[in-house]
Amino acid sequence: MEYWIWLKQIRGIGTILQKRLLGHFQSPQAVYEACEEELLSVEGIGPTLAKVIRQHRSLDQARTLVEETLRRDIKSLSYHDPLYPVLARNSVEAPILLYYRGSIRENSTGVAIVGSRRCTDYGKRAAVEAAYFLGQNDIPVISGMAKGIDGYAHTACLKAGGYTIAFLGNGVDICYPKEHDGLLAGIIENGAVISEYPPGTRPRPEYFPERNALISSWSYKVFVVEAAENGGALITAGFARAQGKDVHVLPHEISNPTGKGSNRLIAQGAHVYLHPSQLLPNFDLDHTGIASINSLPAENEEIPNLNRVDISSENFRKPDRPLSNTEQKILFSLSFAPKTIEKISADTQIDQLQLIQVLSIMELEGLIRTYPGGRFAGLLVPHDGA
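This is a predicted model, so every value here is computed, not measured.

Here is what the cut-offs are and how they apply
Residues numbered from 1 in each chain as written. Predicted model: local features only at pLDDT ≥ 70, side-chain atom pairs only at ≥ 80, totals over all residues. Heavy atoms only, no water. Helix = DSSP H or I, 4+ residues; strand = E, 2+ residues; numbered from the N terminus. Contact = heavy atoms within 4.5 Å. Areas by Shrake-Rupley, 256 points an atom, 1.4 Å probe, with all protein chains shown as cover. Buried < 20%, exposed > 50% of the residue type's maximum accessible area, 1.4 Å probe, protein only. Pairing = 2+ DSSP bridges. Right-handed = clockwise from strand over helix to strand, strands pointing away. Axes fitted to C-alpha atoms, helices over the stretch in contact; angles between N-to-C directions. Core = buried A, V, L, I, M, F, W, Y, C linked by side-chain atoms within 4.5 Å. Salt bridge = Lys/Arg side-chain N within 4 Å of Asp/Glu carboxyl O. pLDDT = per-residue confidence, 0-100. Parallel < 35°, antiparallel > 145°, perpendicular 65-115°, else oblique. Nonpolar A, V, L, I, M, F, W, Y, C, P; charged D, E, K, R; others polar. 1 Å grid on protein atoms, 1.4 Å probe; cavity = no way out; pocket = protein on both sides within 12 Å on 5 of 7 lines; lining within 4 Å. Points joined across faces, edges and corners; volume = space filled by probe spheres on them. Phe/Tyr/Trp six-rings, centres within 6.5 Å; stacked < 30°, edge-to-face > 60°. Lys NZ or Arg CZ within 6 Å of the ring centre and 35° of its normal.

This next bit is on the overall build of the chain. Secondary structure summary: the chain contains 16 helices and 12 strands in total. In the chain, 70% of the contacts between residues at least 6 apart in sequence involve partners at least 24 apart. Carbon and sulfur atoms provide 48% of the accessible area of the chain, an area that totals close to 17,800 Å².

Structure representation (structure tokens):
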């Protein structure tokens, strides 16, 4: 395991490059033992990164961390471990190494239930009902152990005798929030708490989007119970759409600010949530009278006004505010046809994790439109001279 920890900890080598190295050399030990010339044969590894890898060829820190995890009864899950779900492993954001407490069972993919920390009674009831139903049907409930919807979902699943997984934005030896001590113990006993961050890592704001990506990647469906105009639930929904997952959203009163983000997701094509049975893996929307707002066009089917865009068309307008450099790059990429997040990233050279966060905000502001299946289309053109 020390070789996995070593590869994960090299600065400047992100998840994508780590996976390329593993794909080329087959194991982290082989990466460790590779000479500079061999490293240079991997796409994306230039002379500078090859030297960085060679200069970091020491297992001392990794072995210290292995001893610490053993002492604290913390386990490690590597990218090649059969317990790492195929669905999660296929995600672009999937880390090569995870730490966990509790037990990861076979077929641990399930349904994500996410929402606001400051939730309404309406949202709480919906989350509890859905999580209890899933627990009774032996479907894992995936969430982030935050206050509000996350906590209610984990608790209801446990009360139903179910299995639940909490992904954390900190080390698995730290309880955040502190008042969830009892919940943490219950999840460890009847599920797992998982993090890509080593023991002792304190929670930081920049860790939570990566946590949200894991929540989505470990789920075959995502249920957004409540989402305001900004927040982690929307970021999770953005990851889910980019990964081609079904997103189900509880509708809210249009005047209630706690559900503005939720209603916007529905308007953008998410499934309207009406009953927990929709979250079952074999639920068929087409034969129940409960259908999504929009259906996914076939890959070769033209989307009106979008596949061959004339940016002078009246369907497009100038933005009401100055656009960031990142937003301008995204809109230029979408000027000609709807694209997946992978294609946008290739066009703009923007990291996919950052891209998903920016796209989520752009959707809320009406700058772009999302189609089910993870395709995005621009609705604005940049300022003159941009």
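Looking only at helix 2 (residues 15-25), the buried set comprises Leu17, Gln18, Lys19, Leu21, Leu22 and Phe25. Structurally, helix 2 contributes buried residues whose contacts are with helix 1 (2-9), helix 3 (28-33), helix 4 (36-40), helix 5 (47-55) and helix 7 (86-89).

The subject of this paragraph is the pairing of strand 3 (residues 110-115). With six of six residues buried, strand 3 is to be regarded as a mostly interior element. Bridge count between strand 3 and strand 7 (residues 219-226): six bridges; the pairing is parallel. Across the sheet, the residue bridging to Gly115 is Glu226, located in strand 7. With two bridges connecting them, strand 3 and strand 4 (residues 141-143) associate as parallel partners. Each residue of the ladder has a partner; that of Ala112, found in strand 4, is Ile142. You can see the chain leave strand 3, run along helix 8 (residues 121-136) and come back into strand 4, and the turn it takes is right-handed.

In this section: the sheet that holds strand 9 (residues 271-272). Two strands in a sheet stick together by hydrogen bonds in their backbones, pointing the same way (parallel) or opposite ways (antiparallel). Within the open sheet, the nine strands sit side by side as 1-2-6-5-4-3-7-8-9. Their pairing is mixed. The open sheet has two edge strands, strand 1 (75-78) and strand 9, and neither has a second partner. Strands strand 2 (97-102), strand 5 (164-167) and strand 6 (191-195) of the sheet are contacted by helix 10 (residues 181-190), whose axis makes an angle of about 110 degrees with strand 6.

For the rest of this paragraph, the subject is the nonpolar core. Membership of the largest hydrophobic core comes to 70 residues, with the highest contact counts inside it found for Trp6, Leu21, Leu39, Ile45, Ile194, Trp218 and Val224. When residues of this core are assigned to their parent elements, the largest contribution, five residues, is made by helix 1. Ignoring anything within four residues of it in the chain, the contact list for Ile194 reads Leu98, Tyr99, Tyr100, Ile104, Ile165, Ala166, Phe167, Leu168, Val172 and Trp218.

Turning to the pattern of salt bridges, a few remarks are in order. In total, this model carries seven salt bridges according to the counting rule given. Between Glu196 and Lys8 there is a salt bridge, with its nearest N and O atoms 2.8 Å apart. One end of the pair, Glu196, is in the loop between strand 6 and helix 11 (208-217); the other, Lys8, is in helix 1, and 188 residues separate them in sequence. Taken as a pair, Glu196 and Lys8 share a single burial class, namely buried. The partner of Asp347 in a salt bridge is Lys339, with the nearest N and O atoms 2.5 Å apart. Among the residues examined, Asp347 registers a relative accessible area of 44% and is labelled partly exposed.

On average, residues of the chain carry a pLDDT of 83, and 86% of them reach 70 or more. Residue range residues 285-317 is modelled with pLDDT below 50. Its contacts to residues more than four positions away, or to other chains, number 63 contacts. Segment residues 382-386 is flagged for pLDDT under 50; beyond a separation of four residues in sequence, or across chains, it makes 11 contacts in the model.

Another point: the packing of helix 1 against helix 2. Where helix 1 meets helix 2, the closest approach of the two axes is 10 Å, and the angle between their N-to-C directions is 135 degrees. Classed by the angle they form, the pair helix 1 and helix 2 counts as oblique. Contacts between helix 1 and helix 2 involve Trp4, Leu7 and Lys8 from the first element and Gln18, Leu21 and Leu22 from the second. Here the contact of helix 1 with helix 2 is built from residues that sort into four nonpolar, one polar and one charged.

Each neighbour pair has its own omega, and for Tyr176 with Pro177 the value is 0 degrees, a cis peptide bond. Structurally, Pro177 can be placed in the loop between strand 5 and helix 10. Despite not being glycine, Asp138 shows a phi value in the positive range, around 60 degrees. Its place among the elements puts Asp138 in the loop between helix 8 and strand 4. The phi torsion at Gln349 lies on the positive side, around 60 degrees, for a residue other than glycine. Mapped onto the secondary structure, Gln349 falls in the loop between helix 15 (341-348) and helix 16 (352-364).

The volume enclosed by the largest pocket comes to roughly 850 Å³. If you trace the largest pocket, you find 30 residues lining it, with Lys8, Gly14, Thr15, Glu196 and Glu210 closest to the centre. Within the residue set of the lining of the largest pocket, elements represented by two or more residues are helix 1, helix 2, helix 11 and helix 16. Residues that form the lining of the largest pocket fall into these classes: 15 nonpolar, eight polar and seven charged.

A separate point is the packing of aromatic side chains. This model, assessed by the stated rule, comprises eight aromatic pairs. Both rings, one in Tyr3 and one in Tyr32, keep their centres 5.4 Å apart while their planes meet at 75 degrees; by these two values the pair is edge-to-face. Remark: Tyr32 occurs in helix 3 and Tyr3 occurs in helix 1; sequence separation between them is 29 residues. Overall, the relative accessible area of 18% leaves Tyr3 in the buried class. On the basis of relative accessible area, Tyr32 is assigned to the buried category, the value being 15%. Both rings, one in Tyr176 and one in Phe208, keep their centres 6.1 Å apart while their planes meet at 50 degrees; by these two values the pair is tilted. Of this pair, Tyr176 sits in the loop between strand 5 and helix 10 while Phe208 sits in helix 11, placing them 32 residues apart in sequence. Its relative accessible area of 40% is what places Tyr176 among the partly exposed residues. In this structure an aromatic cluster arises from ring pairing among Tyr79, Tyr84, Phe167 and Trp218. Of note, Arg105 hangs over the ring of Tyr163, and the distance from its end group to the ring centre comes to 4.7 Å.

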